[in-house]
Amino acid sequence: MSSFWVSAQNEQLAMDYFEKGEFQKALTLFEEISTKQPSNYFFFQRVIDCYQQLQQYDKAETAITKRKDKYNQPLLYVELGYNYQLQKNTEKADKNYELAIQEVEKEPNYAYQIANSFEKKVLLSWALKAYETAQKKNPNLNFDYQIAMVQGQLGNLEVMLNKLLDYGFNTQDGTPMVQNQLTRFLMDDSDGSFAATIRKNLLLRTQKSQDVYWNQFLSWFFVQQKEYGKAFIQEKAVYKRNPESFYNIVTLGSMAMEEKQFDDAKLILEFVLENTQDLDLQMKAHHFLLSMEIESASQKEYPAIDLKLQELLKKYGISPYSLDLQILSAHFKTFYLNQSKLGIELLQNILKLPLNLRNQSKVKMELADIMVYDEKFNQAILYYAQVEDNLKNDVLAHEASLKLAKTNFYKKDFDWTLQQVKNLKQSSSLLIANDAVELFLLIQDNSVEDSLRVALQAYAKADLQLYQKKNEEALQSFLAILEKHKGESIEDETLLKIADIYYQKKDYLKALNYYQNILDNHKEGIYIDEALFYSAEIYRKYLLDNEKAKPLYEKMVLEHPDSLYYTESRKQYRTLRGDATI
């Protein structure tokens, strides 16, 4: 046991020396290990690497030749060739590489090792030759994926794409792997040319083949591009031939809704309602459609929405299955009809139903939200804390943690809020982490020059009014902050809030004015991406001035790749530039 322990320690020590570039020390240990484990190729390879790093090419050649005589390992031709290449002896290097390829011709299965060895040494053309030789000799071997990845490294993206698509179609279990690779390339695709190539190739394959696989793949691509309406067309084609795929359409609808692409979401969810007898799916679709309707409704439409909610609850009954509709009804009564008492009553009755822990937590979360609305902060904190405790590490628990921090902020307990958001900055949810960072910076930046936190207290009050949907009162409060604390740290946050309120009120010119103030006077602030994005949206959607929208989207794409608004900005910029016409 002790000799095994010493051996493991030596191996680790040798690797540490190697990583640090201390090759002479590493070599001594690797030679010792390799002598004790002569058949272990990994340690032999490390000995060769050390010789080469120390420019002891003769020793490397002797060791490789000795091993070649002892073991029949054709990949040693690659090692020998590479040793010559390091000495700039191209003729001898190529001769050995050719011998390795000849071994693949004799036994195509050798391609796995030989091509991999070429790849590790970034001898990509030789790796390609090894894979292609093997596939020609034995067509049953499928190296499409490996060939695709080599072609990608060589910069031949269209060849890579076609090979990946062939591989995905022929090995459908490998489709997620193919899609992961394409996602990586799409992320670096700043000019949209690779996306256009994928689109063209997939459309051609959909037209040539009747196989539903290509419709599904095209739908996946459109989802990556956040083009949910186009994904829906493909999913409908899949559904006609495979009714079991119906749930994909429901998922698509909820994704479009999360991305606030309400026109596409409405179209998709109405299709769901027309084509399903499943009560659960019907309720889901109604919930999504009503949530969207609420978001864009004016006050005079509230009674009709309330009536719809009551009729749906009458139709589907009060049970754990209609939970989301019941929560939505309580939320609507509180935040839109100002009937928090009714909202609380509804939720407390739901808690009497036989609910699992997650559903109980959803109800408690809404109860806490209503307590904040009523300014019963301590009760809200208790409910949020229960959700945190009951669903540790769940995304709902992280959401509860952020809301708990926000409640302390509304209470003007800023130090306690700081403690809470410090941990949340590392949240796996990008939205939660982003909100936590913003809250952290808001408190920190506005505590330095104003130790009494006068501006921060006024801001917390105005922000609470906004949460309570008292938008006019909130607007006046933020305008007062701007007047009293002009030039202070609180200014850019306040400008953004005012701009956002005007945006919601559809007073777009005033909104633009305040966003522009951020762009002109707070270039180093953290709200510059929001100001750019929403200014671009106003010009494109509401003022129909694409010439003014385009440079704003372009600035977003070039200067703010980490922004939450990056993907949508890139999509709109490409559309305005005339890229994605299909």
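Residues numbered from 1 in each chain as written. Predicted model: local features only at pLDDT ≥ 70, side-chain atom pairs only at ≥ 80, totals over all residues. Heavy atoms only, no water.

Novice: Explanation requested: the overall build of the protein in the structure shown.
Specialist: Helix and strand content of the protein: 32 helices and 0 strands. At 31 Å, the protein has a C-alpha radius of gyration far larger than the 25 Å of a compact globule built from 582 residues. Across its three principal axes, the protein shows a C-alpha extent of roughly 90 × 60 × 55 Å. In the protein, which comprises 582 residues, the proportion classed as buried is 50%. Within the protein, counting contacts between residues at least 6 apart in sequence, those at least 24 apart form 51% of the total. If you sum the accessible surface of the protein, you get close to 30,100 Å²; carbon and sulfur atoms cover 50% of it. For the protein, the distance from the average site of its 70 positive side-chain charges to the average site of its 82 negative ones is 2 Å. (Helix = DSSP H or I, 4+ residues; strand = E, 2+ residues; numbered from the N terminus. Rg over C-alpha atoms; globule rule 2.2 N^0.38 Å. Buried < 20%, exposed > 50% of the residue type's maximum accessible area, 1.4 Å probe, protein only. Contact = heavy atoms within 4.5 Å. Areas by Shrake-Rupley, 256 points an atom, 1.4 Å probe, with all protein chains shown as cover. Lys, Arg positive; Asp, Glu negative; His and termini not counted. Charge placed at Lys NZ, Arg CZ, Asp CG, Glu CD.)

Novice: Would you take a moment to explain the pattern of salt bridges for this structure?
Specialist: Pairing is possible between side chains that carry opposite charge, provided their charged atoms lie close to one another. This structure, assessed with the given rule, holds 29 salt bridges. A salt bridge links Glu491 to Lys486; the nearest nitrogen and oxygen atoms lie 3.7 Å apart. Among the residues examined, Glu491 registers a relative accessible area of 10% and is labelled buried. Lys486 gets classed as exposed once you look at its relative accessible area, which sits at 60%. It is possible to trace a salt-bridge network through shared partners that takes in Arg199, Glu227 and Lys230. (Salt bridge = Lys/Arg side-chain N within 4 Å of Asp/Glu carboxyl O.)

Novice: Just to check I follow, could you spell out helix H15 (residues 246-258) for this structure?
Specialist: Residues separated by three or four positions in an α-helix point in the same direction, a consequence of the helix having 3.6 residues per turn. Taking 1.5 Å of rise per residue, 13 residues should cover 18 Å, and H15 covers 19 Å from first to last C-alpha, within 8% of that figure. Regarding H15, the residues found buried are Phe246, Ile249, Val250, Leu252, Gly253, Ser254, Ala256 and Met257. Backbone geometry just after H15 places Lys260 at a positive phi near 60°. (Expected span 1.5 Å × (residues − 1).)

Novice: Honestly, the nonpolar core in this entry has me stumped. Any pointers?
Specialist: One broad rule of soluble globular proteins: the nonpolar side chains tend to lie buried together. Counting residues in hydrophobic clusters, the biggest one holds 98 residues, and the most contacted among them are Leu347, Tyr384, Phe409, Phe478 and Tyr515. Core analysis: the second largest hydrophobic core is formed by 45 residues, Met15, Ala60, Leu76 and Phe118 among them. (Core = buried A, V, L, I, M, F, W, Y, C linked by side-chain atoms within 4.5 Å.)

Novice: Explain the layout of surface pockets here, please?
Specialist: To find leftover empty space, one rolls a probe the size of a water molecule over the atoms. Reported here for the second largest pocket is a volume of approximately 400 Å³. The wall of the second largest pocket is formed by 17 residues, among which Gln45, Asp49, Glu79, Lys120 and Lys121 lie closest to the centre. Where the lining of the second largest pocket is concerned, the elements lending two or more residues are helix H3 (41-53), helix H5 (76-86) and helix H7 (111-120). Examining the composition of the lining of the second largest pocket, we find that 7 residues originate from one element, H3, more than from any other. Grouping the constituent residues of the lining of the second largest pocket by class yields 6 nonpolar, 6 polar and 5 charged. (1 Å grid on protein atoms, 1.4 Å probe; cavity = no way out; pocket = protein on both sides within 12 Å on 5 of 7 lines; lining within 4 Å. Points joined across faces, edges and corners; volume = space filled by probe spheres on them. Nonpolar A, V, L, I, M, F, W, Y, C, P; charged D, E, K, R; others polar.)

Novice: Sorry if this is basic, but what is going on with helix H26 (residues 454-467) here?
Specialist: An ideal rise of 1.5 Å per residue puts 20 Å on 14 residues; H26 measures up with 20 Å between its terminal C-alpha atoms. Positive phi shows up at Lys469, right after H26, with a value of about 65°.

Novice: Would you take a moment to explain unusual backbone geometry for this structure?
Specialist: A negative phi angle is the norm for most residues apart from glycine, just as the trans form is the norm for most peptide bonds. Positive phi is not limited to glycine here, since Lys226 has a value of about 60°. With respect to the element layout, Lys226 can be found in the loop between helix H13 (212-224) and helix H14 (228-241). Looking at Lys226, the relative accessible area reads 16%, which means it is buried. In this model, Lys260 sits at a positive phi of 60°, which is unusual for a non-glycine residue. Examined against the element boundaries, Lys260 turns out to sit in the loop between H15 and helix H16 (262-275). Lys260 sits in the exposed class, given a relative accessible area of 51%.

Novice: Which parts of the structure should I look at to understand the packing of helix H10 (residues 157-170) against helix H11 (residues 175-187)?
Specialist: Packed helix pairs are characterised by how far apart their axes lie and by the angle those axes make with each other. Relative orientation of the contacting elements H10 and H11 amounts to 160°, with a least axis distance of 9 Å. When the axes of H10 and H11 are compared, the pair comes out roughly antiparallel. Once H10 is placed against H11, the crossing between them reads as left-handed. In this structure, H10 uses Leu157, Met160, Leu161, Leu164, Tyr167 and Gly168 to contact H11, whose residues at the interface are Thr175, Met177, Val178, Gln181, Leu182 and Phe185. Its residues assigned to classes, the contact of H10 with H11 shows 9 nonpolar, 3 polar and no charged. (Axes fitted to C-alpha atoms, helices over the stretch in contact; angles between N-to-C directions. Parallel < 35°, antiparallel > 145°, perpendicular 65-115°, else oblique. Left-handed = near helix turned anticlockwise from the far one by under 90°.)

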